Amino acid sequence: MTSPLLWAPAVSAALPAAIPVDPDAQQAREWLVNELGKPDYQAARPTWFDLVSKAIGDWFASLRLPTGPGLDGFLPLVVVIVVVALVVVAFLVFGRPRLNRRSGVPAGALFGSDDQRTAAELRASAARAAAVGDFTTAIEEAFRALARQLAERTVVQTAPGTTARDFAARAGASFPPAAAELAACAVLFDDVRYLERPGTREGFDRVAALDRRLQAERPASLERLESPVAG
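Bear in mind that the values here come from a model prediction, so they are computed numbers and not experimental data.

Thresholds, definitions, all that
- Residues numbered from 1 in each chain as written.
- Predicted model: local features only at pLDDT ≥ 70, side-chain atom pairs only at ≥ 80, totals over all residues.
- Heavy atoms only, no water.
- Axes fitted to C-alpha atoms, helices over the stretch in contact; angles between N-to-C directions.
- Helix = DSSP H or I, 4+ residues; strand = E, 2+ residues; numbered from the N terminus.
- Parallel < 35°, antiparallel > 145°, perpendicular 65-115°, else oblique.
- Left-handed = near helix turned anticlockwise from the far one by under 90°.
- Contact = heavy atoms within 4.5 Å.
- Core = buried A, V, L, I, M, F, W, Y, C linked by side-chain atoms within 4.5 Å.
- Buried < 20%, exposed > 50% of the residue type's maximum accessible area, 1.4 Å probe, protein only.
- pLDDT = per-residue confidence, 0-100.
- Salt bridge = Lys/Arg side-chain N within 4 Å of Asp/Glu carboxyl O.

### Notes on the packing of helix α8 (residues 164-174) against helix α9 (residues 179-193)
For step 1, the next point in the chain: For the pair α8 and α9, interaxial distance at closest approach is 9 Å and the crossing angle is 170°. In terms of orientation, α8 and α9 fall into the roughly antiparallel class. Of the two possible hands of crossing, α8 and α9 adopt the one that is right-handed. Each of Ala 164, Arg 165, Ala 168, Ala 171 and Gly 172 in α8 lies in contact with α9, whose residues at this interface are Ala 179, Leu 182, Ala 183, Ala 186, Val 187, Phe 189 and Asp 190.

What follows is the structure, given as structure tokens:
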């Protein structure tokens, strides 16, 4: 067996030819770029969130609360700064607060009609009908406005096939003190919509008053968005 000492010089002599040990500046730059472009290096790069978090952490670390007599007034300022920073971090981590549940709720089916109007538009339509004495239309539009405003607030949702009485029952669960009035107004809607009974000023005023009342009240509960009113 050949001793390693005999072939070691040959290997050493071959190294310069296979691996340049003294690259010029351009070649060294290319090697560095190629090396840093490998997946292992790219995966280790900090994300934008890592950079922002580090910047905020460094800023906190740089804060120094002044000491000495009469400096207690600085403490509220520091507390405010800390709270603002925490809000910023929460915004970055969790995104916008889900106060806008309504943004994911499409307009559409509303008691047998594909109606894209907002609650405000439906109220305006009801008022115009009442102004010319068409209380049948006014009651229909006013009840639709009531239903649409609860849908916009994501209190109670409507879906294709939802009836006025189904809606009133669900809305009554969210507004227990108004449950009886909701049921009564649903009957008024069905009377003018399906039974062709003429609407009255009193009926319109009743539905419109309930709409205004529910706008000012907080619901006892909200329906789950995944389970809209069915029917």
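### Describing the nonpolar core
Most often, soluble globular proteins have nonpolar side chains that are buried together.
For step 1, the next point in the chain: Formed by 33 residues in total, the largest nonpolar core has its most connected members in Phe 111, Phe 143, Leu 150, Phe 167, Leu 182, Phe 204 and Leu 214.
For step 2, the next point in the chain: Among the secondary structure elements, those contributing two or more residues to this core are α6 (119-131), α7 (135-152), α8, α9 and α10 (201-216).
For step 3, the next point in the chain: Counting residues per element, this core draws most heavily on α7, which supplies 9 residues.
For step 4, the next point in the chain: Each residue touching Leu 214, except ones within four places of it in the same chain, is listed here: Leu 146, Gln 149, Leu 150, Arg 153, Phe 175, Ala 178 and Leu 182.

### A word on the environment of Asp 134
For step 1, the next point in the chain: One can find Asp 134 in the loop between α6 and α7.
For step 2, the next point in the chain: Spatially, the C-alpha atom of Asp 134 lies 9.0 Å from that of Pro 198, the residues being 64 residues apart in sequence.

### Side note on the confidence of the model for the protein
For step 1, the next point in the chain: Mean pLDDT over the protein stands at 75; residues scoring 70 or higher make up 56%.
For step 2, the next point in the chain: With pLDDT under 50 throughout, residues 97-105 is counted as low confidence; its partners more than four residues away or in other chains account for 12 contacts.
For step 3, the next point in the chain: Across residues 226-231, where pLDDT falls below 50, the model places 17 contacts with residues more than four positions away in sequence or in other chains.

### Some thoughts on the side chain of Ser 125
For step 1, the next point in the chain: Along the polypeptide, Ser 125 turns up in helix α6.
For step 2, the next point in the chain: Those residues in contact with Ser 125 that lie beyond four places of it in its chain are Arg 117 and Glu 141.

### Some words on the pattern of salt bridges
Pairing of side chains with opposite charge becomes possible as their charged atoms draw close.
For step 1, the next point in the chain: This structure, assessed with the given rule, holds 10 salt bridges.
For step 2, the next point in the chain: Arg 206 is the salt-bridge partner of Glu 181, the closest N and O atoms lying 2.6 Å from each other. Residue Glu 181 is located in helix α9, and its partner Arg 206 is located in helix α10; the two are separated by 25 residues in the primary sequence.
For step 3, the next point in the chain: For Arg 206, a relative accessible area of 39% corresponds to the partly exposed category.
For step 4, the next point in the chain: Close ionic contact of Arg 213 with Glu 217 constitutes a salt bridge, the shortest N to O distance being 2.9 Å.
For step 5, the next point in the chain: For Arg 213, a relative accessible area of 32% puts it in the partly exposed group.

### Description of unusual backbone geometry
For step 1, the next point in the chain: Although it is not a glycine, Thr 154 adopts a positive phi angle of roughly 55°.
For step 2, the next point in the chain: Counting through the fold element by element, Thr 154 comes out in the loop between α7 and α8.
For step 3, the next point in the chain: A relative accessible area of 2% means that Thr 154 is categorised as buried.
For step 4, the next point in the chain: Even without being a glycine, Glu 196 presents a positive backbone phi close to 60°.
For step 5, the next point in the chain: Tracing the backbone through its elements, the reader meets Glu 196 in the loop between α9 and α10.
For step 6, the next point in the chain: Judged by relative accessible area, which is 72%, Glu 196 ranks as exposed.

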